[in-house]
Amino acid sequence: QVELVESGGGLVQAGGSLRLSCAVSGSIASISFLGWYRQTPGKQREFIAGIRTTGGSTSYADSVKGRFIISRDNTKNTMYLQMNSLESEDTAVYYCAAREPITPPQYYWGRGTQVTVSP
């Protein structure tokens, strides 16, 4: 199994910054992808940013390009999401996710951390 625990959420003023962390434990060697998603009431959970566990290739949703940076520290088994220039629209519960490359792919999710951006 893979266990994910997010931290770092909170309340921040628009224009401010937060850094989210995701501690990864369990069968880490089975993970091929790590990513961040967010969800607001009435909306489907949406992809925000992703990073491959090897090579470091990253991808971002258009809404956060240029503002958010995803990274990982394999030594610490931790993934990060640096969020800059936060906007009210960024308010959501943020989840980290890990993908196991089986068929169909298996996704593991953290419990989420609340990010609230005040105008």
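Residues numbered from 1 in each chain as written. Predicted model: local features only at pLDDT ≥ 70, side-chain atom pairs only at ≥ 80, totals over all residues. Heavy atoms only, no water.

*Asks:* Before we go on, may I ask you to explain the packing of aromatic side chains in this structure?
*Replies:* Given two aromatic rings, one states the distance between the centres and the angle between the planes to describe the pair. Taken as a whole, this structure holds 3 aromatic pairs when the rule is applied. Centre to centre, the rings of Tyr37 and Trp109 are 4.9 Å apart; their planes meet at 70°, and the pair counts as edge-to-face. Of this pair, Tyr37 sits in strand S4 (residues 33-39) while Trp109 is found in strand S10 (residues 106-109), placing the two residues 72 residues apart along the sequence. Centre to centre, the rings of Tyr107 and Trp109 are 6.4 Å apart; their planes meet at 25°, and the pair counts as stacked. Accessibility expressed as a relative area gives 37% for Trp109, which makes it partly exposed. One aromatic cluster is present, formed by Tyr37, Phe47, Tyr107 and Trp109 through successive ring pairs. The side chain of Arg19 reaches across the aromatic face of Tyr80, ending 5.6 Å from its centre. The cationic tip of Arg45 hangs over the ring face of Tyr95; the distance from NZ or CZ to the ring centre is 3.7 Å. (Phe/Tyr/Trp six-rings, centres within 6.5 Å; stacked < 30°, edge-to-face > 60°. Helix = DSSP H or I, 4+ residues; strand = E, 2+ residues; numbered from the N terminus. Buried < 20%, exposed > 50% of the residue type's maximum accessible area, 1.4 Å probe, protein only. Lys NZ or Arg CZ within 6 Å of the ring centre and 35° of its normal.)

*Asks:* When you look at the nonpolar core in this model, what are you seeing that I'm missing?
*Replies:* Looking at soluble globular proteins, one finds that nonpolar side chains tend to be buried together. One finds Leu4, Trp36, Phe68, Met79, Leu81, Met83 and Tyr94 to be the most contacted residues of the largest nonpolar core, which totals 28 residues. Of all the elements in the fold, those that place two or more residues in this core are strand S1 (2-7), strand S3 (18-26), S4, strand S5 (46-52), strand S7 (68-73), strand S8 (78-83), strand S9 (92-100) and strand S11 (113-118). Not counting residues within four places of it along the chain, the set of residues in contact with Tyr94 comprises Glu6, Leu20, Trp36, Tyr37, Arg38, Phe68, Leu81, Met83, Gly112, Thr113 and Val115. (Core = buried A, V, L, I, M, F, W, Y, C linked by side-chain atoms within 4.5 Å. Contact = heavy atoms within 4.5 Å.)

*Asks:* Explain the pairing of S8 here, please?
*Replies:* The side chains of a regular strand alternate between the sheet's two faces. A large share of S8 lies buried, amounting to 6 of its 6 residues. Two strands pair when backbone bridges link them, and S3 and S8 are joined in this way by 6 bridges, in the antiparallel orientation. Opposite Leu20, over in S8, you have Leu81 as the bridge partner. Here S7 runs beside S8; their pairing, made up of 6 bridges, is antiparallel. By the bridge assignment, Ile69 is partnered in S8 with Gln82. Here S7 folds back onto S8, and the loop between the two strands holds 4 residues, one of which, Asn77, carries a positive phi near 55°. (Pairing = 2+ DSSP bridges.)

*Asks:* Would you explain the pairing of S5 in this entry?
*Replies:* Pairing of S4 with S5 involves 6 bridges; the strand directions are antiparallel. By the bridge assignment for S5, Gly35 is matched with Gly50. Where S4 hands over to S5, the hairpin turn is made up of 6 residues, of which Gly42 adopts a positive phi near 80°. Bridge count for S5 against strand S6 (residues 58-60) is 3 bridges, and the pairing is antiparallel. Residue pairing in the sheet places Ala49 in a bridge with Tyr60 of S6. Counting the residues in the hairpin turn of S5 and S6 gives 5 residues, including Gly55, whose phi is positive at 90°.

*Asks:* It is not clear to me how the environment of Leu86 should be interpreted in this structure. Could you clarify?
*Replies:* Summarising the element assignment, Leu86 is placed in the loop between S8 and S9. Here Leu86 falls in the buried class, since its relative accessible area comes to 2%. Separated by 74 residues in the primary sequence, Leu86 and Val12 have C-alpha atoms spaced 8.1 Å apart. Discounting residues that sit within four places of it in the chain, Leu86 has contacts with Val12, Ala14, Gly15, Gly16, Ser17, Leu18, Arg67, Phe68 and Val117.

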